[in-house]
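Coordinate inspection notes
Single-letter residue listing:
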Amino acid sequence: MSKVAVVYWSGTGNTEAMAKYIAEGAQAKGAEVSLLTSAQFNKGMLNDFAAFAFGCPSMGAEVLEEEEFQPMWDDIKDDLEDKKYILFGSYGWGDGEWMRNWEEEAKGVMETYICNDAPNDDAQAKCKELGESLA
């Protein structure tokens, strides 16, 4: 059984909802899933999992959340190149610039996905599909 970590930061609950749908998809394919906030995850945990989903919404001027998520990401990003992982997040304005910037520094990322506000039926299905791809 593969072990998947779904690691996220959420301000309004939209990215958290996406994380839960991703976890659901991975569990449906038989993976053992750990749903963790970015404050609960650290570099020492990278070898505990076969795959990862990292989620953060767009903040401020379309950047990652700066207090918890960004420091965690900065600490682990150089160790992800040979790992199986995806990036996801929600936004309420803008055009996804934060995800394009994030994707550029994410070496080896499998896929990225963003949704506007709370995940609708299509976004829920896509998140579950992403989770399945990690299992």
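Conventions adopted
- Residues numbered from 1 in each chain as written.
- Predicted model: local features only at pLDDT ≥ 70, side-chain atom pairs only at ≥ 80, totals over all residues.
- Heavy atoms only, no water.
- Pairing = 2+ DSSP bridges.
- Helix = DSSP H or I, 4+ residues; strand = E, 2+ residues; numbered from the N terminus.
- Axes fitted to C-alpha atoms, helices over the stretch in contact; angles between N-to-C directions.
- Contact = heavy atoms within 4.5 Å.
- Buried < 20%, exposed > 50% of the residue type's maximum accessible area, 1.4 Å probe, protein only.
- Arc of directions from axis to C-beta.
- Parallel < 35°, antiparallel > 145°, perpendicular 65-115°, else oblique.
- Left-handed = near helix turned anticlockwise from the far one by under 90°.

**What about the sheet that holds strand E5 (residues 111-116)?**
- Ordered by their spatial adjacency, five strands build an open sheet running E2-E1-E3-E4-E5, and the pairing between neighbours is parallel. Every interior strand has two partners, whereas the edge strands, strand E2 (32-37) and E5, have only one. If you compare each strand with its neighbour and ignore which way they point, the axes differ by 15 degrees on average.
- Seen against the sheet, helix H4 (residues 121-134) touches strand E1 (3-8), strand E3 (51-55), strand E4 (84-91) and E5 and runs at an angle of roughly 160 degrees to E5.

**Here we look at the environment of lysine 126**
- Structurally, lysine 126 can be placed in helix H4.
- Considered as a pair, lysine 126 and methionine 1 are 125 residues apart in the sequence and their alpha carbons are 22 Å apart.
- Excluding residues that lie within four positions of it along the chain, lysine 126 makes contacts with Glu111 and Tyr113.

**What about helix H3 (residues 97-105)?**
- All of the buried residues along H3 are Trp98, Met99 and Trp102. One face of H3 carries all of its buried residues, which in axial projection span an arc of 95 degrees.

**Quick notes on the packing of helix H1 (residues 14-28) against H4**
- Two elements in contact, H1 and H4, have axes separated by 6 Å at closest approach and are oriented at 50 degrees. With respect to their mutual orientation, H1 and H4 come out oblique. Seen along the crossing, H1 lies across H4 with a hand that is right-handed. The residues of H4 that touch H1, namely those facing Met18, Tyr21, Ile22, Glu24, Gly25 and Ala26, are Gln124, Cys127, Lys128, Leu130, Gly131, Glu132 and Leu134.

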